[in-house]
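# Structural overview for review
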Amino acid sequence: MSKSILIIGACGQIGTELTHALREKHGAEKVVASDIREGDEYLMNSGPFEILDATDFDAMEEIVAYWEIDEVYLMAAMLSATAEKFPMRAWNLNMNSLFNVLKLGKEKKIDKIFWPSSIAVFGPNTPKDNTAQNTIMEPSTVYGISKQSGERWCEYYHQKFGVDVRSVRYPGLISWKTMPGGGTTDYAVEVYHKALSEGNYTCFLKPDTELPMMFMDDAIRATLSIMESDAEKVKVRSSYNLAAMSFTPAKMAKRIQRQLPDFKMEYVPDFRQAIADSWPGSIDDSAAREDWGWKAEFDLEKTTAEMLKNLSASHQGNLF
Ligand SMILES: NC(=O)c1ccc[n+]([C@@H]2O[C@H](COP(=O)([O-])OP(=O)(O)OC[C@H]3O[C@@H](n4cnc5c(N)ncnc54)[C@H](O)[C@@H]3O)[C@@H](O)[C@H]2O)c1
């Protein structure tokens with residue numbers, strides 16, 4: 001019998017595309033999407049959907065029992081920029097949702113868990129270039145502290161209770177189907193929309209702020225790949241470094257100008273600059289490559305071509 005999957009936080013930037021990918025792979029009826037709010041039309045109409053607050057353990061347990069769920073992907077979280085504004089709400093959501101899912105794993109009510117971490121686990125004292133899997137980790141943001149703690153708890157539940165929890169540290173994710181949800185790398189999505197609709201963009205980071213990024217197709221592939229790997233290959237049970245490309249806003253603007261020569265980028269840094277300054281510029285993902293064969297496919301060149309192609313189709317109204 002094929003497995004049943006629950007995605008929590010399915011209506012967000014990653015969850016939407018992850019739901020589609022998992023439904024294609026396992027069959028729509030086997031993949032239950034859930035969120036605290038409803039999602040886009042395709043997500044709502046392409047398979048089962050439940051309203052679920054990830055901090056409500058009883059409701060989560062009930063849904064897991066009703067749909068006979070084997071695997072949970074926990075995508076609900078408050079992201080870096082929003083978390084700085086609502087620290088306690090972020091802490092409660094990011095930690096309690098994880099504890100709830102880990103508890104289901106410990107009680108053997110589910111077999112496998114995916115929980116995403118982030119490059120935000122690193123901090124200002126971490127070496128910035130080609131940041132290693134194991135290095136100084138002193139996150140200085142609310143979000144980073146919650147992800148770092150989450151990693152420790154994942155490893156703990158794996159070692160103490162045998163919970164099969166798997167995780168990657170996503171870099172900033174670039175996608176065209178769904179808008180980002182309040183992170184520090186959101187500029188790298190907004191810029192493509194504004195380049196097409198207005199011909200200019202005011203960036204909230206300085207032009208030379210280098211950050212690690214990834215196109216969504218790569219992020220989804222990495223997620224499916226770590227979840228499908230044999231358990232013994234997944235040696236890191238905190239979270240794996242994951243990399244694809246690194247660039248600055250200035251470099252991105254230049255690449256867009258090659259396709260849209262009149263595009264202009266201005267820079268008005270805000271509070272998100274301090275968050276970005278505390279994160280690495282580039283990531284060493286050799287552990288993921290060696291352990292479960294990870295390799296990115298999209299660089300800035302390919303990502304920009306893909307973003308502009310798909311967004312111009314949707315701007316012309318002929319996408320869906
Ligand atoms: N997008 C990125 O660039 C990025 C980078 C690194 C890590 N991540 C991590 O990946 C995960 C998903 O990120 P995303 O970008 O899709 O976020 P998002 O903000 O786009 O989506 C999060 C979803 O969670 C839902 N949600 C919020 N509170 C909830 C609750 N109490 N119960 C159930 N659902 C709730 C929201 O409605 C939203 O649909 C998060 O853990 C995030 O920290 C994302």
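To keep things clear, this report deals only with the structure shown in the data block. (Residues numbered from 1 in each chain as written. Predicted model: local features only at pLDDT ≥ 70, side-chain atom pairs only at ≥ 80, totals over all residues. Heavy atoms only, no water.)

A tally of regular secondary structure across the protein chain gives 12 helices and 14 strands. On the principal axes, the C-alpha backbone points of the protein chain span a range of 55 × 45 × 40 Å. Burial status across the protein chain gives 55% buried among its 320 residues. Taking all contacts inside the protein chain whose residues are at least 6 apart in sequence as the whole, residues at least 24 apart take part in 77%. Averaging the locations of the 35 positively and 46 negatively charged side chains of the protein chain gives two centres separated by 3 Å. (Helix = DSSP H or I, 4+ residues; strand = E, 2+ residues; numbered from the N terminus. Buried < 20%, exposed > 50% of the residue type's maximum accessible area, 1.4 Å probe, protein only. Contact = heavy atoms within 4.5 Å. Lys, Arg positive; Asp, Glu negative; His and termini not counted. Charge placed at Lys NZ, Arg CZ, Asp CG, Glu CD.)

Another point: the site of the ligand. Contacts to the ligand come from 26 residues, most closely from Gln13, Ile14, Asp35, Ala54 and Tyr143. Contributing elements (two or more residues each) for the shell around the ligand: helix 1 (13-26), strand 6 (117-118), helix 6 (142-161) and strand 9 (172-174). For the shell around the ligand, the class distribution of residues is 15 nonpolar, seven polar and four charged. (Near = heavy atom within 4 Å. Nonpolar A, V, L, I, M, F, W, Y, C, P; charged D, E, K, R; others polar.)

Below, the discussion takes up the packing of aromatic side chains. By the definition in use, this model includes 12 aromatic pairs. Considering the side-chain rings of Phe99 and Trp153, the 5.0 Å spacing of their centres and the 80 degrees angle between planes classify their relative orientation as edge-to-face. Of the two residues, Phe99 sits in helix 5 (residues 87-106) while Trp153 sits in helix 6, which places them 54 residues apart along the sequence. Centroid distance Phe114 to Tyr170: 6.2 Å. Interplanar angle 55 degrees. Geometry classified as tilted. Placement of Phe114 in strand 5 (residues 112-114) and of Tyr170 in strand 8 (residues 168-170) is noted, with a sequence separation of 56 residues between them. No difference in accessibility class separates Phe114 from Tyr170, as the two residues are buried. One aromatic cluster is present, formed by Phe99, Trp153, Tyr156, Tyr157 and Phe161 through successive ring pairs. (Phe/Tyr/Trp six-rings, centres within 6.5 Å; stacked < 30°, edge-to-face > 60°.)

Taken together, the side chains of Met88, Trp91 and Ile145 define a hydrophobic patch exposed on the protein surface, amounting to about 300 Å² of accessible area. Turning to its location among the elements, Ile145 is positioned in helix 6. (Patch = residues over 30% accessible without salt bridge, like charges linked within 9 Å, V, L, I, M, F, W, Y side chains within 5 Å. Areas by Shrake-Rupley, 256 points an atom, 1.4 Å probe, with all protein chains shown as cover. Salt bridge = Lys/Arg side-chain N within 4 Å of Asp/Glu carboxyl O.)

Take the nonpolar core next. Among the nonpolar cores identified, the biggest contains 41 residues, and Ile174, Tyr187, Tyr192 and Phe247 are the most heavily contacted of them. When residues of this core are traced back to their parent elements, those giving at least two are helix 6, helix 7 (187-197), strand 10 (200-203), strand 11 (211-215), strand 13 (245-247), helix 9 (249-259), helix 10 (272-277) and helix 12 (300-315). Excluding residues that lie within four positions of it along the chain, Tyr192 makes contacts with Ile174, Met252, Ile256, Leu300, Thr303, Thr304, Met307, Leu308 and Leu311. The next biggest cluster of nonpolar side chains, apart from the first, holds 35 residues, and it includes Ile5, Met75, Val234 and Ala296. (Core = buried A, V, L, I, M, F, W, Y, C linked by side-chain atoms within 4.5 Å.)

The tally for this structure, following the rule as stated, stands at 20 salt bridges. The salt bridge partner of Lys235 is Asp291, with a shortest N-O separation of 3.8 Å. Remark: Asp291 occurs in helix 11 (residues 286-292) and Lys235 occurs in the loop between helix 8 (216-228) and strand 12 (240-241); sequence separation between them is 56 residues. On the basis of relative accessible area, Lys235 is assigned to the exposed category, the value being 60%.

This part is about helix 9. Those residues of helix 9 that sit buried are Pro249, Met252, Ala253, Arg255 and Ile256. Down the axis of helix 9, the buried side of the element spans an arc of 165 degrees, and every buried residue falls inside it. Of the exposed residues in helix 9, the ones pointing more than 90 degrees away from its buried face are Lys254 and Arg258. Elements in contact with the buried residues of helix 9: helix 7, strand 10, strand 13, strand 14 (264-267) and helix 12. (Arc of directions from axis to C-beta.)

Turning to empty space enclosed by the protein, a few remarks are in order. Applying the stated criterion across every chain, the model contains one cavity of 30 Å³ or more. In this structure, the largest cavity encloses a volume near 40 Å³. Elements with a minimum of two residues in the lining of the largest cavity: helix 1, strand 4 (71-74) and helix 8. Among the elements that line the lining of the largest cavity, the one with the most residues is helix 8, at three residues. (1 Å grid on protein atoms, 1.4 Å probe; cavity = no way out; pocket = protein on both sides within 12 Å on 5 of 7 lines; lining within 4 Å. Points joined across faces, edges and corners; volume = space filled by probe spheres on them.)

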